[in-house]
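Here are the chains, one letter per residue:
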Amino acid sequence: MVTPDQITPRMTPERARDIAATFDLRALPADFLANPYPVYAALRETEPVRRMPDGSLFLTRHADLMAVYRDAAVFSSDKHVEFAPKYGVDSPLYEHHTTSLVFNDPPLHTRVRKLIMGALTRRAIADMEPGLVTLVDSLLDRIEAQGGGDLIEDFAAAIPVEIIGNLLGVPHQDRDPLRDWSLAILGALEPVPTADQQALGNRSVTEMLHYLKGLVAERRQSPGDPERDVLTRLIQGEAGGEKLSEVELLQNCIFLLNAGHETTTNLIGNGLILLQEFPQARQQLLADLRAAGSDEVREQVLTLAVDECLRFESSNQLGNRRALRATPVGGVDLPEGALVTLCIGAANRDPAAFEEPEVFNLRRDSNRHLAFGFGIHQCAGLSLARLEGRIAIGRFLTRFPAYRLNAAPTRGGRARFRGFLSAPFVTD
């Protein structure tokens, strides 16, 4: 029997305060990576705007993150300054991350986001639901035949790869490398990537670019439906509008894979493992689903549950901005050029913003979590991610109400993206 402590090890208040007193993103201990939340709480209470040894600022209060998100004119998402020393200006990782949507400001950000959002309309996402249900049910059929498997490899990770593969029109026979490429590229975003992480990240960008060049050439010759095919839409651009350059096009295809894969894998995996860690919440969710008198009520129940999973265990724990001019945040004066880390994981458990924030409450409403960010950089695919979470978690739990982990899950061991690498389970 896997215990809650084997999923999220406890940390004493004394240990949390010790880590907070010398907190440095560039030197994080293993017990922090296993359970960062007590440290986040200590920082919020004692030093909510923490100046780290490298001079950057670490923010843990919900209100301070909102202030930064709202002021995109002062707080830049552009990473040319920050990533040049980290990756080297001639590296594939540098070119990718400084060209992708998430790490850019207007006007490039505006152009790319508008193109992507045009293929992620409410109608387009609703049209994806039947195919998503079919995909999830096929995975559940395979799991049932085996009597279990791995929550990550056999379920959570398999769903977003297929969805993003469909959006970009990647042939099914070409999808095997997508997850490994994504993990490697995002792994190099850690505060201090190892030499091996950097090398693997650079190689993955290069390999994916090589593949995408061929895919783009094929799509130019045989375009898809721009209302459904994101790649065709990015190639064609807006009618009468400016098109993306080849570099912008290719790098933002990589971004779409990464954004749609890692965070959604973590959402589904974290959610199902949280339901193991908190059995009372799981029983309550099962009861609410059984009592739902209509598909609409069932969707409402699952939407609340998915948003609470996102709040309690944010797939993406950290964001970054650079102050373009001197400005105050949280009562602290920031100089021009200050680098700021936004701790989403801490803000999502801020008692000033959430009642009983350390309680995993699947009926929580008015859930103002920041797992998708806020403002002009709010996740463009949030509606799709919620749909994937609802369908995956809801149908898994309904099919296997008594599933249980039969070995302790293995966490990813990263500060920025919080999730699991494996989680063996049985269905009864």
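Residues numbered from 1 in each chain as written. Predicted model: local features only at pLDDT ≥ 70, side-chain atom pairs only at ≥ 80, totals over all residues. Heavy atoms only, no water.

Quick notes on the overall build of the protein
And then number 1: When its secondary structure is counted, the protein shows 19 helices and 12 strands.
And then number 2: Whereas a compact globule of 428 residues would reach a radius of gyration of roughly 22 Å, the protein reaches 21 Å, a difference of no more than 12%.
And then number 3: Taking the principal axes of its C-alpha atoms as reference, the protein extends roughly 55 × 50 × 40 Å.
And then number 4: Relative to its full complement of 428 residues, the protein shows a buried share of 56%.
And then number 5: Per element, the accessible surface of the protein, about 18,000 Å² overall, is 52% carbon and sulfur.
And then number 6: Here the protein holds 46 positive side-chain charges and 56 negative ones, and the gap between their average locations is 2 Å. (Helix = DSSP H or I, 4+ residues; strand = E, 2+ residues; numbered from the N terminus. Rg over C-alpha atoms; globule rule 2.2 N^0.38 Å. Buried < 20%, exposed > 50% of the residue type's maximum accessible area, 1.4 Å probe, protein only. Areas by Shrake-Rupley, 256 points an atom, 1.4 Å probe, with all protein chains shown as cover. Lys, Arg positive; Asp, Glu negative; His and termini not counted. Charge placed at Lys NZ, Arg CZ, Asp CG, Glu CD.)

Things to note about the pairing of strand β8 (residues 339-343)
And then number 1: Most of β8 sits out of view: four of its five residues are buried.
And then number 2: As defined by bridge partners, strand β2 (residues 57-59) adjoins β8 across three bridges and the pair is classed as parallel. Paired with Leu59 across the bridge in β8 is Leu342.
And then number 3: As defined by bridge partners, strand β5 (residues 318-323) adjoins β8 across five bridges and the pair is classed as antiparallel. Within β8, the position partnered with Asn320 by the bridge is Thr341. (Pairing = 2+ DSSP bridges.)

Structural notes on the side chain of Arg411
And then number 1: With respect to the helices, strands and loops of the structure, Arg411 is situated in strand β10 (residues 410-411).
And then number 2: By relative accessible area, Arg411 is classed as buried at 15%.
And then number 3: Within the local environment of Arg411, its side chain forms a polar contact with the side chain of Glu313, the two groups lying 3.1 Å apart.
And then number 4: With near-sequence residues (within four places) excluded, Arg411 lies in contact with Ile7, Thr8, Leu33, Ala34, Glu313, Arg418, Gly419, Phe420 and Leu421. (Polar contact = N/O pair within 3.5 Å; in protein donor to acceptor, adjacent residues only side chain to side chain. Contact = heavy atoms within 4.5 Å.)

Brief notes about the packing of aromatic side chains
Each aromatic ring pair is described using two quantities: the centre-to-centre distance and the angle formed by the ring planes.
And then number 1: A complete count under the given rule lists 15 aromatic pairs for this structure.
And then number 2: Between Phe83 and Phe103 the ring centres are 5.4 Å apart and the planes differ by 90°, which places this aromatic pair in the edge-to-face class. Residue Phe83 is located in helix α6 (residues 80-87), and its partner Phe103 is located in the loop between α7 (92-97) and α8 (108-118); the two are separated by 20 residues in the primary sequence. By the burial criterion, Phe83 is buried, and Phe103 matches it.
And then number 3: When the centroid spacing of 5.4 Å and the interplanar angle of 75° are considered together, the rings of Phe396 and Phe400 count as edge-to-face.
And then number 4: Every member of this aromatic cluster is reached through a ring pair, and the members are Phe23, Phe32, Tyr37, Tyr40 and Phe58.
And then number 5: Residue placement shows Arg349 over the ring face of Phe312; its charged tip is 3.7 Å from the ring centre. (Phe/Tyr/Trp six-rings, centres within 6.5 Å; stacked < 30°, edge-to-face > 60°. Lys NZ or Arg CZ within 6 Å of the ring centre and 35° of its normal.)

Structural notes on the sheet that holds strand β4 (residues 148-150)
And then number 1: Taken together, three strands build an open sheet; the order of strands is β4-β12-β9 and the sheet is antiparallel. The open sheet has two edge strands with one neighbour each: β4 and β9 (404-405).
And then number 2: In terms of strand pairing, β4 meets strand β12 (residues 424-426) through three bridges, oriented antiparallel. The residue of β12 that forms the bridge with Gly148 is Val426.

Let's talk about the pattern of salt bridges
And then number 1: In the structure shown here, the tally under the stated rule is 22 salt bridges.
And then number 2: The shortest N-O distance in the salt bridge between Arg61 and Asp64 comes to 2.9 Å.
And then number 3: Among the salt bridges present, the one from Arg399 reaches Glu144, with a minimum N-O distance of 2.8 Å. Of this pair, Arg399 sits in helix α19 (residues 382-399) while Glu144 sits in helix α9 (residues 122-146); the two residues are 255 residues apart in sequence, bridging distant segments of the chain.
And then number 4: Within this structure, Asp141, Glu144 and Arg399 form a network of salt bridges that share partners. (Salt bridge = Lys/Arg side-chain N within 4 Å of Asp/Glu carboxyl O.)

Details of the sheet that holds β8
And then number 1: Sheet architecture is open: five strands sit in the order β1-β2-β8-β5-β3, paired in mixed fashion. The open sheet has two edge strands, β1 (49-51) and β3 (75-76), and neither has a second partner.
And then number 2: Bridge count for β3 against β5 is two bridges, and the pairing is antiparallel. Paired with Ser76 across the bridge in β5 is Arg322.

Examining the pairing of β5
And then number 1: Counting buried residues along β5, six of its six residues qualify, which places the element largely inside the surrounding structure.
And then number 2: Side chains Leu318, Asn320 and Arg322 project from β5 onto one buried face, and the interleaved Gly319, Arg321 and Ala323 project onto a second face that is buried too.

Quick look at unusual backbone geometry
And then number 1: The omega torsion across Pro106 and Pro107 is 10°, close enough to zero to call that bond cis.
And then number 2: On the secondary structure map, Pro107 appears in the loop between α7 and α8.
And then number 3: Within the chain, Glu356 stands out as a residue other than glycine whose phi angle is a positive 45°.
And then number 4: Within the secondary structure layout, Glu356 lies in the loop between α18 (344-347) and α19.

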